[in-house]
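Letter by letter, the chains look like this.
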Amino acid sequence: MSSSRPSSSDESFASLATSADAIGEDVSALMSDLFLRHRLRIVEDLWEAVLQQECGQELVDLLNQLRRMCSPEGQATTFTESDVLQVVENLDLNEAIRAARAFALYFQLINIVEQHYEQRDQQLQYRMAREGQVEEVPKPSSPSSYATEEEAGRPEADFLERSLHEAASRREIGTFHWLFPRLKQLNVPPQQIQRLIQQLDVSLVFTAHPTEIVRHTIRDKQRRIAKILRQLDSVEDSLKAIGLSSSWETESLRDQLTEEIRLWWRTDELHQFKPTVLDEVDHALHYFREVIFEAIPHLYTRLEQAVHQSFPRMEMPSRNFCQFGSWVGADRDGNPSVTPQVTWQTACYQRRIVLERYVQSVQCLTDLLSLSLHWSDVLPDLLESLEQDQQRMPDVYDRLSIRFRQEPYRLKLAYIQKRLENTLDRNHILYSGDGLQQEMPEFDEATLYRSGEDFLAELRLIQSNLAATGLSCRDLEHLICQVEIFGFCLAHLDIRQESPRHSETMNEIVEYLQVLPKAYNDMSEAERCEWLTRELQTRRPLIPTEMPFSERTRETISTFRMVRKLQQEFGLEICRTYIISMSHDVSDLLEVLLFAKEAGLYDPVTGLGTIQVVPLFETVEDLQKAPGIMKQVFAQPFYKALIAGGFDAIDKGTALQEVMLGYSDSNKDSGFLSSNWEIHKAQQALQRIADEHGVALRIFHGRGGSVGRGGGPAYEAILAQPGHSVNGRIKITEQGEVLASKYSLPELALYNLETVTTAVIQGSLLQNKFDEIAPWQQIMEELAARSRTHYRQLIYEQADFIDFFHQVTPIEEISQLQISSRPARRGGKKDLASLRAIPWVFSWTQSRFLLPSWYGVGTALNVFLDEAPEKHMQLLRHFYYKWPFFKMAISRVEMTLSKVDLQIAGHYVQELTQAEDRERFAPVFEQIRQEYFLTRELVLKITGHNRLLDGDPELQRSVQLRNGTIVPLGFLQVSLLKRLRQHKTLAASGVVRSRYSKGELLRGALLTINGIAAGMRNTG
């Protein structure tokens, strides 16, 4: 992904012009592309102007020189590396830091413009879809030479294929107004659609996984710049209408942009301290405050309009068909900072956020609903409600009764606002206290709300009164929708803890009580399950109230007690999910259920429970064991009762089990292709087991932002799920930088939510049958096995690989970024097994290898092709065009390969390798290099593309846009890493000749990490 920077602004957009020309006769796309070019030119000119003002022309000349000296092609050797090195190595530390900061600022500005462009484009496409400017579903194309008659005759298969292959270039695909006319044209039975949307269940879970490298302060500045760009759009559109190109307003807005960029330049990009868990909570909730809270009601409106245009009589799902969860403040897997008290404070903080927004909305409604009794009637129930309110809150009546004596809606809203404010006051007291120990503060229950349902009932009272007099209020409908979705919780909290913690806790309890003939940890799996099952069915408590245990054990037990306390205070919806990471056996689930019973979360007599036990299967071995584990637990009557809603409901078909599948650790364990195939197979097998036992299954996908951790466009990923494993239900993690890319702007957030929901509906109603073709599965099994073998030979069996990884990537420096409250490693060890998947992927991304996302794929494909070159290549191409899973996998690899730059990666190897290790590291790099070129060659042959990403011009343009700048930033990073490591070596020997301190050098290196992360639009 390396390229030189052209010598002028116009030339820097030459590749964009080429892309625009390639669009051909699509005028709207061409105009959109020209708009993007115009915006990029403005921002680049302002960037250079600010740098010139702040640092002088010398820095601007240096940046342009560095960009000109690098290759425009990437992966080539056309530039003279020594020339670039000479310039970079001659920079003093301050110059290098300024250059790194300037490049980082450039990428951040480009990202803002692209997001702004994407939002504008999505708004345009949505308007076009609303106006009916969409194509008819084509008749099925002529059958492929590889397709069966059955395949060729299925219009829904042709429709799915078209969706997958055109989604990159046509933004209306994946929207409600695109989907429902197609479903009607395909004659999908309305009853089938009705059943599906009635059970629609989309859950997006925000996590605090440390892949968000940008400071909260910087995000605020980015939002202000995006706002100014929107204002500039509006002004320029108005000027075009009257034939003008500029005015004092446009110049004023450009001046504002310049001012914002200058302020940004003088702001530190690095986090000033290690964030606390509550800092992370604040960061995640920021997206709810700024975007999601207002955007989410529009999602329901879009769905309602689209459904009723095609199916006027169809009933709509509940408004909360799309909900949000959060791990932030609740995920304690490997993070000792997440305590029961922190989880309590998180829940209180979430309630505060949502209550404050409700107060604002009620104030707006008070201004709006000025209806007078002189001109509008009200129903008796509202007048009766006002009389009751007068008795309960006489202070409000005394203060406002005269002012609002003829305006009943305003008086009612005044009472509502007072109740909300009282609820906020009580919440503040709870936040400041001890969640487990404190007594609940005394408040008059009649003067506040204990739940969102109570608040909702009063809003519906107003709504029904308005409706009875022929009126409606959009703002009121909007607020009701928000309350139905967010309640008083805002987001559901998922508790997560690793399985060894539970077994250690159980072992200590059992040892103290002396209830078993041997230690719990010495028991076999069968013995554990037998004892746990027996213990689960007793009424006798196991854990004493006073806990004479270690701090870790007390904390584990207190977590369950805190969940009980949360449910009592906030309602069951605040926290019903307990995720067990690294689930290996049935006993892992039973241990958690026993702890839940001890905390009052599960009643063995009725079989009722207020918590879901959710296993997280992460490694390949555990993914393969998952179906057997779930088969065993489903066979237990008490467990079946738990997930069905009690023993009385065990045969009513209400059983629902959530199972989480982890992409990160399975990828780190076995490589990209093997990981994705094992997850795909696990879903198929889990669905079969669930069907056999009459259990509905909800798969929870633990996806990260990068391809190496399951990332990539969610629409295609959902359509690639096997069979009927979706069935209207899905749960997905949203992590790190993904939050910023998807939820920073309202239209982007709406588009993301709409495409995810569309994919769930589409994938559930138009299931592909290719996953069930046994010969295809066998071929995929062989490809995955070969890929896994080749991957593990390098990662786990190559003796020099670990040393290679630590020297040629910035892993140690990344570990010192203050971006997470959670440690980078489990247990603090420096081996590969203890390293978390995020810093693993982050390091390879920085050094431009991106190894976890593609290594092993080329060899697997090549061995298969060697068996019958022409026949097997035709088959692989057929897979690519017909099989959503294979299409998704190859597309992800292609996207990753487009970001790999082995020329820069080789520079990391050459410059950062210690002299004595160069000889033994050379074969490692050569092995990686050969695999890259092999993989790229075969991916291009399978896709039929001449260049990587030819099938996705927008993404290709985005990658090319960064080429001219990211390469010199890589050179700067290597130079600063080398200086930092030399300083450490000299310091260890007692001789330091550097004129810079270790802290100064580390700061410079970390700034380059920020910049490259922004340029790659990926971290971990």
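Residues numbered from 1 in each chain as written. Predicted model: local features only at pLDDT ≥ 70, side-chain atom pairs only at ≥ 80, totals over all residues. Heavy atoms only, no water.

Chemist: Run through the overall build of the chain, naming residues and quoting values.
Modeler: Along its length, the chain carries 41 helices and eight strands. Per-residue burial over the chain gives 62% buried out of 1020 residues. Of the contacts made within the chain by residues no fewer than 6 positions apart, 82% connect residues no fewer than 24 positions apart. A total accessible area of about 39,200 Å² is found for the chain, and carbon and sulfur atoms account for 49% of it. (Helix = DSSP H or I, 4+ residues; strand = E, 2+ residues; numbered from the N terminus. Buried < 20%, exposed > 50% of the residue type's maximum accessible area, 1.4 Å probe, protein only. Contact = heavy atoms within 4.5 Å. Areas by Shrake-Rupley, 256 points an atom, 1.4 Å probe, with all protein chains shown as cover.)

Chemist: Could you give an account of the sheet that holds strand β1 (residues 201-207), naming the residues involved and the relevant values?
Modeler: For sheets, the rule is that strands pair by backbone hydrogen bonds, running either parallel or antiparallel. The strand order around the closed barrel formed by eight strands is β1-β2-β3-β4-β5-β6-β7-β8, and the pairing between neighbours is parallel. Pairs of neighbouring strands in the sheet enclose a mean axial angle of 25°, with direction left out of account. Each of β2 (322-326) and β3 (492-498) touches helix α14 (residues 340-368); the most contacted strand, β3, lies at about 160° to it. Those strands touched by helix α27 (residues 672-692) are β6 (656-662) and β7 (696-702), and its axis lies near 160° from that of β7. (Pairing = 2+ DSSP bridges. Axes fitted to C-alpha atoms, helices over the stretch in contact; angles between N-to-C directions.)

Chemist: A description of the confidence of the model for the chain should follow, citing residues and the corresponding values.
Modeler: Do not read the predicted coordinates in detail wherever pLDDT is low. Averaged over every residue, the pLDDT of the chain is 87; residues scoring 70 or more account for 87%. The low-confidence segment residues 1-26 (pLDDT under 50) makes 65 contacts with residues lying over four places distant or belonging to another chain. Across residues 133-153 the pLDDT falls below 50, and counting only partners more than four positions away or on other chains, this stretch makes 29 contacts in the model. (pLDDT = per-residue confidence, 0-100.)

Chemist: Let's hear about the layout of surface pockets: which residues, and what values?
Modeler: Approximately 890 Å³ is the volume found for the second largest pocket. Residue contributions to the lining of the second largest pocket peak at four residues, all from helix α25 (residues 637-644). Taken together, the residues of the lining of the second largest pocket break down into 18 nonpolar, 17 polar and eight charged. (1 Å grid on protein atoms, 1.4 Å probe; cavity = no way out; pocket = protein on both sides within 12 Å on 5 of 7 lines; lining within 4 Å. Points joined across faces, edges and corners; volume = space filled by probe spheres on them. Nonpolar A, V, L, I, M, F, W, Y, C, P; charged D, E, K, R; others polar.)

Chemist: Account for helix α13 (residues 277-310), naming residues and giving values.
Modeler: Relative to the 50 Å expected for 34 residues at 1.5 Å per residue, α13 spans 47 Å between its end C-alpha atoms, a close match to the ideal helical length. Along α13, the largest kink reaches about 55° and is centred on Val291. (Expected span 1.5 Å × (residues − 1). Bend = angle between axes of the 7 residues up to and from the residue.)

Chemist: Any chance you could break down the pairing of strand β4 (residues 577-581) for me, citing the residues and the numbers?
Modeler: The buried fraction of β4 is high, at five of five residues. Alternating positions in β4 separate into two faces, Thr577, Ile579 and Ser581 on one and Tyr578 and Ile580 on the other, with burial throughout. In this sheet, β4 lies alongside β3 in parallel orientation, the contact comprising five bridges. Note that in β4 the partner of Arg496 across the bridge is Ile579. The pairing of β4 with strand β5 (residues 612-617) spans four bridges and is parallel. In the strand pairing of β5, Ile579 is matched with Val614. In this region the chain leaves β4, passes through helix α23 (residues 586-598) and returns to the parallel neighbour β5; the handedness of that crossover is right-handed. (Right-handed = clockwise from strand over helix to strand, strands pointing away.)

Chemist: Explain the packing of aromatic side chains to me, and be specific about the residues and the numbers.
Modeler: To describe a pair of aromatic rings, you give the distance between the ring centres and the angle between the ring planes. All told, the structure shown has 44 aromatic pairs when counted by the stated rule. Geometrically, the ring pair formed by Phe288 and Phe324 is edge-to-face, given 5.5 Å between the ring centres and 85° between the ring planes. Residue Phe288 is found in helix α13, and its partner Phe324 is found in strand β2; the two are separated by 36 residues along the sequence. Considered together, Phe288 and Phe324 belong to a single accessibility category, that of buried residues. For the ring pair Phe804 and Phe849, a centre distance of 6.1 Å and an interplane angle of 75° mean the geometry is edge-to-face. Of this pair, Phe804 sits in helix α32 (residues 801-808) while Phe849 sits in the loop between α34 (837-846) and α35 (857-867), placing them 45 residues apart in sequence. Taken together, the aromatic side chains of Phe206, Phe288, Phe293, Phe324, Tyr358, Tyr449, Phe455, Phe486, Phe488 and Tyr743 make up a single cluster linked through ring pairs. (Phe/Tyr/Trp six-rings, centres within 6.5 Å; stacked < 30°, edge-to-face > 60°.)

Chemist: Tell me about the nonpolar core, residues and numbers included.
Modeler: Phe804 and Phe849 are the most contacted members of the largest nonpolar core, which totals 143 residues. The element best represented in this core is helix α6 (residues 93-130), accounting for 15 residues. Among all residues touching Phe849, those that are not within four sequence positions of it are Phe804, Val808, Trp844, Trp854, Val900, Leu902, Ala905, Val909, Phe925 and Ile928. Of all hydrophobic cores here, the second largest spans 94 residues; its members include Trp178, Leu179, Phe206 and Tyr409. (Core = buried A, V, L, I, M, F, W, Y, C linked by side-chain atoms within 4.5 Å.)

Chemist: Lay out the pattern of salt bridges in plain terms, naming residues and giving numbers.
Modeler: Counting across every chain of the model gives 56 salt bridges. A salt bridge links Glu407 to Arg410; its shortest N-O distance comes to 3.3 Å. We classify Glu407 as buried; its relative accessible area is 17%. A relative accessible area of 19% means that Arg410 is categorised as buried. Sharing partners across several salt bridges, the network here consists of Asp201, Asp494, Glu658, Arg698 and Lys731. (Salt bridge = Lys/Arg side-chain N within 4 Å of Asp/Glu carboxyl O.)

Chemist: Account for unusual backbone geometry, with residues named and values stated.
Modeler: One non-glycine residue with positive phi stands out, namely Asn187, at about 60°. With respect to the helices and strands, the residue Asn187 is situated in the loop between α9 (176-185) and α10 (190-198). Accessibility expressed as a relative area gives 66% for Asn187, which makes it exposed. Non-glycine residue Arg848 carries a positive phi angle of around 70°. Its place among the elements puts Arg848 in the loop between α34 and α35.

Chemist: Residues and numbers for the packing of α32 against helix α39 (residues 918-943), please.
Modeler: Helix-helix packing: each pair is described by the crossing angle between the helix axes and the interaxial distance. Contact geometry for α32 and α39: axes closest at 10 Å, N-to-C directions at 85°. Accordingly, the angle class assigned to the pair α32 and α39 is roughly perpendicular. Seen from α32, the contacting residues are Phe801, Asp803, Phe804 and Gln807; seen from α39, they are Arg920, Phe921, Val924, Phe925 and Ile928. Of the residues belonging to the contact of α32 with α39, the class tally is six nonpolar, one polar and two charged. (Parallel < 35°, antiparallel > 145°, perpendicular 65-115°, else oblique.)

Chemist: Which residues make up the environment of Asp33, and what values do they have?
Modeler: Tracing the backbone through its elements, the reader meets Asp33 in helix α3 (residues 27-55). Here Asp33 falls in the buried class, since its relative accessible area comes to 2%. Between the C-alpha atom of Asp33 and that of Glu954, which follows or precedes it by 921 residues, the distance is 9.4 Å.

Chemist: So what's going on with helix α11 (residues 216-241)? Which residues, and what values?
Modeler: The end-to-end C-alpha separation of α11 is 38 Å, in line with the 38 Å expected for 26 residues at 1.5 Å each. At the C-terminal side of α11, Gly243 shows a positive phi close to 80°.

Chemist: Pulling in residues and values, what's your account of the pairing of strand β8 (residues 729-735)?
Modeler: The buried fraction of β8 is high, at seven of seven residues. Residues Arg729, Lys731, Thr733 and Gln735 of β8 are buried on one face, and the alternating residues Ile730, Ile732 and Glu734, pointing to the opposite face, are buried as well. Direction of pairing for β1 relative to β8: parallel, over a ladder of seven bridges. From the neighbouring strand, Ser203 faces β8, where its bridge partner is Lys731. Of the pairings in the sheet, the one linking β7 to β8 comprises two bridges and is parallel in character. Residue pairing in the sheet places Phe700 in a bridge with Lys731 of β8.

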